Amino acid sequence: MNAALETRGLTRHFGGFTAVDDVSFSLPAGARQALIGPNGAGKTTLVNLLSGALPASAGQVVLGGEDVSALPMHLRVQRGLVRTFQISQLFAELSPLESVTLAVLQRAGRGAVWWRPLRRHRAEQDEAAALLARLRFSDAEATARTDLLPYGKRRMLEIALALALKPRVLLLDEPAAGVPPGESREVLDTVAALPRDVAILLIEHDMDLVFRFAERITVLALGAVLAEGTPAGIQRHPAVREAYLGEMAHAPAA
Amino acid sequence: MRYAAEVALWLLALGSYWLFPDYLGLLAQVWIAALFAVSLDLLVGYAGVVTLGHAAFFGLGAYVAGILAVQGWGEPFSGLLLAGLAAALLGLLTAPLVLRGGELAGLMVTLGLALMLYEAANKAAFLTGGADGLQGVEIWPLFGRFRFDLYGRIAFLYALGVLFLCFMALRFLVATPFGLALRGIRGNALRMAAIGTPVRRRLMAAYAVSAGVAGLAGALLAQTAQFVSLDVLAFHRSAEGLLMLLIGGLGALYGAVLGAAAFTVAHHLLAEMTPQFWEFWIGAALVMLVMLGRGGMLGLLRRLGR
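Residues numbered from 1 in each chain as written. Chains lettered and ligands numbered in written order. Predicted model: local features only at pLDDT ≥ 70, side-chain atom pairs only at ≥ 80, totals over all residues. Heavy atoms only, no water.

Caption draft 1: How the structure looks around the packing of helix α2 (residues 24-46) of chain B against helix α12 (residues 253-273) of chain B. All names here are of chain B. Between α2 and α12, the least distance of the axes is 7 Å, while the angle of their chain directions is 140 degrees. Here α2 is positioned oblique relative to α12, judged by the angle of their axes. For the pair α2 and α12, the sense of crossing is right-handed. Across the interface between the two elements, Leu26, Gln29, Val30, Ala33, Ala34, Ala37, Val38, Asp41 and Tyr46 of α2 pack against Leu253, Ala256, Val257, Ala260, Ala261, Thr264, Val265 and His268 of α12. For the contact of α2 with α12, the per-class residue count stands at 13 nonpolar, three polar and one charged. (Axes fitted to C-alpha atoms, helices over the stretch in contact; angles between N-to-C directions. Helix = DSSP H or I, 4+ residues; strand = E, 2+ residues; numbered from the N terminus. Parallel < 35°, antiparallel > 145°, perpendicular 65-115°, else oblique. Left-handed = near helix turned anticlockwise from the far one by under 90°. Contact = heavy atoms within 4.5 Å. Nonpolar A, V, L, I, M, F, W, Y, C, P; charged D, E, K, R; others polar.)

Caption draft 2: The arrangement of the side chain of A:Thr101 in detail. Residues and elements named next belong to chain A. Its place among the elements puts Thr101 in helix α3 (residues 96-107). By relative accessible area, which is 2% here, Thr101 ends up buried. Sequence-distant contacts of Thr101, defined by excluding residues within four places in its chain, comprise Gln125 and Ala128. (Buried < 20%, exposed > 50% of the residue type's maximum accessible area, 1.4 Å probe, protein only.)

Caption draft 3: Local environment of unusual backbone geometry. We note that A:Glu174 has phi near 45 degrees; this positive angle belongs to a residue other than glycine. Looking at the element boundaries, A:Glu174 is found in the loop between β8 (169-173) and α7 (181-192). With a relative accessible area of 10%, A:Glu174 lands in the buried category. Phi is positive for B:Phe143, close to 55 degrees, though the residue is something other than glycine.

Caption draft 4: Fine view of the interface of chain A and chain B. Taken together, the contact pairs 29 residues of chain A with 24 residues of chain B. Taking both sides of the interface into account, the surface hidden between chain A and chain B amounts to around 2400 Å²; carbon and sulfur atoms contribute 63%. The three residues of chain A that bury the most area against chain B are A:His74, A:Phe91 and A:Leu102, which together make up 21% of that side's buried surface. Taken together, the links from chain A to chain B amount to three salt bridges. Ionic pairing is found between A:Glu93 and B:Arg186, a salt bridge with its closest N-O pair at 2.7 Å. Taken together, the links from chain A to chain B amount to twelve residue pairs in polar contact (both at pLDDT 80 or more). For the side of chain A that touches chain B, the secondary structure elements donating two or more residues are α2 (73-78), α3 and α6 (151-163) of chain A. Among the elements that take part in the side of chain A that touches chain B, α3(A) stands out by supplying five residues, more than any other. (Buried area = accessible area lost by both parts, 1.4 Å probe. Salt bridge = Lys/Arg side-chain N within 4 Å of Asp/Glu carboxyl O. Polar contact = N/O pair within 3.5 Å; in protein donor to acceptor, adjacent residues only side chain to side chain.)

As structure tokens, this is what we get:
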């Protein structure tokens, strides 16, 4: 099994409440997979367990065959497991260019260089500038303070920071949350255009986006995997329809 | 423009040697306070780690340099260096405790460690002189030639020289990838971890460097005053360091220098005018600066410059 990312019996309790309950699923290399589920299904907790933001109560997270369950977030990131955040986690006082340069430097193993000034790291800065240009940041936007940018741009920066790390597995936690419909397509198109060797797990509320993007869908309900399959199969799945009826009714035919 | 202002500032600092020949002692205090404030700025203003116990490192540096001299090694540069290294080591050892819990927990730990060191120095009178202070500190001439004189000429030049070198080193440091990483951690530590940065290791390094520079400042005080009192470890020194940063402007090394200069000079003038009441006016100035907007004196200058 050449899974890029795999969980085995992953479980997380909060006191007496089980937010994620014995979840075993796998993300094949190059996957375009979505994780859906009603509110409170445990989607964000699962992402936090995968990325290492939260420790698991039981079970394992396996990245490219290596058990990373005990590793803190930054070491999982260094092994290629990268996430974005539903609520933007950006550097308010830095510019997008500085922010992405930080990510590029860290990926290149130069994040702690104290003997050579930043301006002598031209290659990393150029790479950051090129990435931002590809995501349609103007020069003015790339060098403005992040907290002065419009909301849509900040969501794009959220993705830019992840892409700068050249992930092997990318976890996108509602990347288009709060973005107007026209722009949310742009966000997803950017992601869909990533090279095929990147495995992507999209955690999303917007069914329209999920059915446009995903080749496989995992449905989470009450912390457990309810169903898994192709978009068409998921749409017909009786248990899914029951758990999810309202939103599924609006989903386009896949 | 920016470089011109920088050069002007350093020339003014050097020029004060001839402008205020009667105040060389006070000015040496300014340079020492500035070095302490700059070290604190790296930690608070750049890395975003707040501390109420930075005097621990200042005081350790002062005692190391002082005790070395009392024990018969009065060579200033090596004493300075050893004091800085000792303080950096203490910083490295205590950083895990400070960075362990949340922000408030860390703050309490810095306060607790500084209090412990103060009492330890008080108790260890055989070594430190305790409450009487460390007597008999004798510093050899600089470069074996320039004797520390009564007018504070050599003290002035020595302190300013060390301040200048340390300032330039820190100015270089904050402009490297490491410096940018510190600003990133202050901005959003969670995201720094999410781009693969070992946040705690970076903060530990910053803590050790900051502690080391504070130790150099303490050693300067011990060597130029040729005396060390328990005051070097006192809580008010830590608090005053933070005040200097707020007055001058946080996260911009020059703000620390301006704040330290303004604070030390104001302290001196106010204490002469109203010996009992000077802290009232420092407090009033602080409130006014906060009202005037972010960035302290440096922020004010920047806005005026536009």
